[in-house]
Amino acid sequence: MKNYFSSDFKLGVLGGGQLGRMLLTETQKFDIYTVILGDNNEAPCAQICNEFHQGDLFDFDTVYNFGKKVDVLTIEIENVNIDALDKLEAEGLTIFPKPANLRIIQNKARQKTFYKKNQIPTADFSRFAFVDELKKVYENKLIEFPFVWKAAQFGYDGTGVKVVRNSDDLQSLPEGECIAEKLVPFKNELAVIVARNSDGDIKTYPVVEMEFHPEANQVEYVICPARIDESVAKKAQEIALKVAKTLDFVGLLAVEMFQTSTDEILVNEVAPRTHNSGHYSIEASYTNQFEQHLRSILNLPLGNTDSKVAGIMVNLVGEEGYTGDVVYENMNTILKIDGVTPHIYGKKTTKPFRKMGHVTIVNEDIDIARQVAQQVKETIRVISK
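Model, not experiment: these values are computed from the prediction. (Residues numbered from 1 in each chain as written. Predicted model: local features only at pLDDT ≥ 70, side-chain atom pairs only at ≥ 80, totals over all residues. Heavy atoms only, no water.)

(A) Structural view of the sheet that holds strand β3 (residues 51-54). Strand order in this open sheet of 5 strands is β3-β2-β1-β4-β5, and the pairing throughout is parallel. The sheet is open, and its two borders are formed by β3 and β5 (94-95), each paired with just one other strand. Judged from the 2 bridges that link them, strand β4 (residues 72-75) and β5 form a sheet pairing that is parallel. Residue pairing in the sheet places Val72 in a bridge with Thr94 of β5. (Pairing = 2+ DSSP bridges. Helix = DSSP H or I, 4+ residues; strand = E, 2+ residues; numbered from the N terminus.)

(B) Representation of the sheet that holds strand β21 (residues 381-384) in the model. Pairing in this open sheet of 3 strands is antiparallel, and the strands run β19-β17-β21 from one edge to the other. The open sheet terminates on both sides in strands that have one partner only, identified here as β19 (349-350) and β21. For strand β17 (residues 324-329) and β19, the ladder comprises 2 bridges, and the chain directions are antiparallel. Bridge pairing in β19 places Gly324 opposite Thr350.

(C) Up close: a negative patch on the surface. On the surface, Asp39, Asp56, Asp59 and Asp61 cluster together into a negatively charged patch. Within the secondary structure, Asp59 sits in the loop between β3 and α2 (60-67). Judged by relative accessible area, Asp59 falls into the partly exposed class, the value being 32%. (Patch = residues over 30% accessible without salt bridge, like charges linked within 9 Å, V, L, I, M, F, W, Y side chains within 5 Å. Areas by Shrake-Rupley, 256 points an atom, 1.4 Å probe, with all protein chains shown as cover. Salt bridge = Lys/Arg side-chain N within 4 Å of Asp/Glu carboxyl O. Lys, Arg positive; Asp, Glu negative; His and termini not counted. Charge placed at Lys NZ, Arg CZ, Asp CG, Glu CD. Buried < 20%, exposed > 50% of the residue type's maximum accessible area, 1.4 Å probe, protein only.)

(D) Examining the environment of Arg103 more closely. Tracing the chain through its elements places Arg103 in helix α4 (residues 99-105). Between the C-alpha atom of Arg103 and that of Ala240, which follows or precedes it by 137 residues, the distance is 19 Å. Other than its neighbours up to four places away in sequence, Arg103 contacts Ile82, Asp83, Asp86 and Arg110. (Contact = heavy atoms within 4.5 Å.)

(E) Seen up close, the side chain of Ser296. Here Ser296 is to be found in helix α10 (residues 289-297). On the accessibility criterion, Ser296 (0% relative accessible area) is buried. Residues contacting Ser296, with those up to four places away along its chain left out, are Ala195, Arg196, Asn197, Ser198, Val250, Gly251, Leu252 and Leu302.

(F) Quick look at the packing of helix α1 (residues 18-29) against α10. Packing of α1 against α10 brings their axes to within 8 Å, and their N-to-C directions diverge by 70°. With respect to their mutual orientation, α1 and α10 come out roughly perpendicular. Considering the relative orientation of α1 and α10, their crossing is right-handed. Residue-level contacts link Leu19, Met22, Leu23, Glu26, Thr27 and Lys29 of α1 to Phe290, Glu291, His293 and Leu294 of α10. Here the residues of the contact of α1 with α10 sort into 5 nonpolar, 2 polar and 3 charged. (Axes fitted to C-alpha atoms, helices over the stretch in contact; angles between N-to-C directions. Parallel < 35°, antiparallel > 145°, perpendicular 65-115°, else oblique. Left-handed = near helix turned anticlockwise from the far one by under 90°. Nonpolar A, V, L, I, M, F, W, Y, C, P; charged D, E, K, R; others polar.)

(G) Structural view of α1. Between its first and last C-alpha, α1 extends 17 Å over 12 residues, near the 16 Å set by a 1.5 Å rise per residue. Burial in α1 covers these residues: Gln18, Leu19, Gly20, Met22, Leu23, Leu24, Glu26 and Thr27. Contact partners of the buried residues in α1: β1 (10-14), β2 (33-38), α9 (281-284), α10 and β20 (355-363). Immediately beyond the C-terminal end of α1, within one or two residues, lies Asp31, with a positive phi of roughly 50°. (Expected span 1.5 Å × (residues − 1).)

(H) The layout of surface pockets, seen in detail. One number sums up the size of the second largest pocket: a volume of about 670 Å³. As for the second largest pocket, its lining consists of 26 residues, of which Gly17, Gln18, Asp39, Lys347 and Arg354 are closest to the centre. Grouping the amino acids of the lining of the second largest pocket by side-chain chemistry returns 8 nonpolar, 9 polar and 9 charged. (1 Å grid on protein atoms, 1.4 Å probe; cavity = no way out; pocket = protein on both sides within 12 Å on 5 of 7 lines; lining within 4 Å. Points joined across faces, edges and corners; volume = space filled by probe spheres on them.)

(I) Structural view of the nonpolar core. Within the largest apolar cluster, 25 residues are counted, with the highest numbers of intra-cluster contacts made by Val207, Val243, Leu253, Met257, Val267 and Val270. Counting residues per element, the ones that place at least two in this core are α5 (108-117), β10 (186-196), α8 (230-247), β14 (251-260) and β15 (265-271). Broken down by element, this core gets its largest block of residues, 8 residues, from α8. If near-sequence neighbours (up to four positions away) are discounted, Val243 is found in contact with Tyr115, Ile120, Leu253, Val267 and Val270. Ile32, Ala46, Cys49 and Phe290 belong to the second-largest nonpolar core, a separate cluster that totals 24 residues. (Core = buried A, V, L, I, M, F, W, Y, C linked by side-chain atoms within 4.5 Å.)

So far we have only geometry, and geometry alone does not tell us how the molecule works.
Structure follows, in structure tokens:
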């Protein structure tokens, strides 16, 4: 077996953001030498990895040459040059998640088509190469308001998604490949993280429930365990397992879902990496998602995914009306509360709705944890000088 620990083994990570930063806590724990490619010398990972390279994640030569420096390559963001990964994989580099998986997941139209082809439940949709095609379909009365428009590529944290309710909304859509999705009446947004190694060992984390900010379309709270019936949770985990197995996925896969008003489970989309919906696991789980990602991609035994305690994650995002050098106001106040742990991502500049950190709240009682989460949300402020 390959010796990853305190050795000359090099793990490469494409992306230098906060997910990479939290992964570095685990590589440091295991003393795994970690090399990061990020687009910014002030990225959250830049100061704390073993080696940082600045470069464009979409540039073929940059990604290809970076891959030649490492023994195993992984990602913390899926928007990367996949042609370069294909060439590296063909030359024998171990890459997880696999480039073929990333090619499907990177494009929402391809992703949705994959679900339909493999009988994975998802909302009905139509695919369009151009927005003008979508407009013509509406003019011919083949689509009705309201529907959900999604850009096929590069949507992130609520961008690239819009509920289209009238012709004004339709006219204001940006150009480019997209999908129009049936608006699903749902009562909960859920997520399941699946871990799978190359031996085929597979585990799911408990189902979590996500509460969203109504304007920013960003997750405000992640609640674990989700406050749903056990039968619904079981169905969600089974569907998440089917997605991972059908993809022959290796690594960590976050499967976001809708629970409809009739308790159907529909897959919304997946992320082929550690995910916001798993941050609670750092404090609340036996094995957090970042350690589990390492175990998965290095084909190590998978860790226990059970929770030790109920956990709620609150996103810290830049407050509206503030741009500039960041200030975290009332940090001392929240630190006085039992079971509260802040995580700051190392971004020096704040702007409205930018993800700057998160806070985990743990408690034996999920209802108490939710009350404390509300208190934290209303107390801490991410502003500028």
